[in-house]
Amino acid sequence: CLYIANELSDVEFLITDDIRSLKKLEKDCVKKVRFSTIIIYALCLKNRINKAQAMRTIEQMRIKRNWKDNLIYEQALLLFEKL
């Protein structure tokens with residue numbers, strides 16, 4: 001995905017949930033690297049879902065993926081503080 005993201009001009013982000021590879025991806029990717037929760041945030045910004053629905057989805061992701069209070073979850077919370 002990294003190589004494809006670097007080659008495609010219309011790609012804005014590389015989306016990952018691989019925290020262990022995050023620094024390498026950020027170093028090697030010419031695009032911004034974001035966590036998958038950015039998709040939920042974008043849906044909220046485009047009024048496809050409301051903030052309550054978005055937060056429920058993030059919470060469900062946290063539980064299902066066993067995120068506890070990791071970086072992905074914390075960054076999602078920071079994004080939604082802006083709304």
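Residues numbered from 1 in each chain as written. Predicted model: local features only at pLDDT ≥ 70, side-chain atom pairs only at ≥ 80, totals over all residues. Heavy atoms only, no water.

Caption draft 1: Focus on the packing of aromatic side chains. One pass over the structure, following the stated rule, counts one aromatic pair. Here Tyr 41 and Phe 80 contribute two aromatic rings whose centre-to-centre distance is 5.4 Å and whose plane-to-plane angle is 85°, an arrangement assigned as edge-to-face. Of the two residues, Tyr 41 is situated in helix H3 (residues 37-45) and Phe 80 in helix H5 (residues 71-81); the sequence distance between them amounts to 39 residues. On the accessibility criterion, Phe 80 (1% relative accessible area) is buried. Sitting above the plane of the Tyr 73 ring, Arg 62 keeps its charged end 5.1 Å from the centroid. (Phe/Tyr/Trp six-rings, centres within 6.5 Å; stacked < 30°, edge-to-face > 60°. Helix = DSSP H or I, 4+ residues; strand = E, 2+ residues; numbered from the N terminus. Buried < 20%, exposed > 50% of the residue type's maximum accessible area, 1.4 Å probe, protein only. Lys NZ or Arg CZ within 6 Å of the ring centre and 35° of its normal.)

Caption draft 2: View of the side chain of Ser 36. Of note, Ser 36 is situated in the loop between strand E2 (32-35) and H3. Judged by relative accessible area, Ser 36 falls into the buried class, the value being 14%. A distance of 2.6 Å separates polar atoms of two side chains, one belonging to Ser 36 and the other to Asp 17. If near-sequence neighbours (up to four positions away) are discounted, Ser 36 is found in contact with Ile 15, Thr 16, Asp 17, Met 61, Arg 65 and Trp 67. (Polar contact = N/O pair within 3.5 Å; in protein donor to acceptor, adjacent residues only side chain to side chain. Contact = heavy atoms within 4.5 Å.)

Caption draft 3: Structural detail: the state of the cysteines. Taken as a whole, this structure holds zero disulfides when the rule is applied. Of all cysteine sulfurs in the structure, the one in Cys 29 sits closest to Cys 1, which takes part in no disulfide; the separation is 10.0 Å. (Disulfide = S-S within 2.5 Å.)

By themselves, these observations are geometric and do not establish any function.
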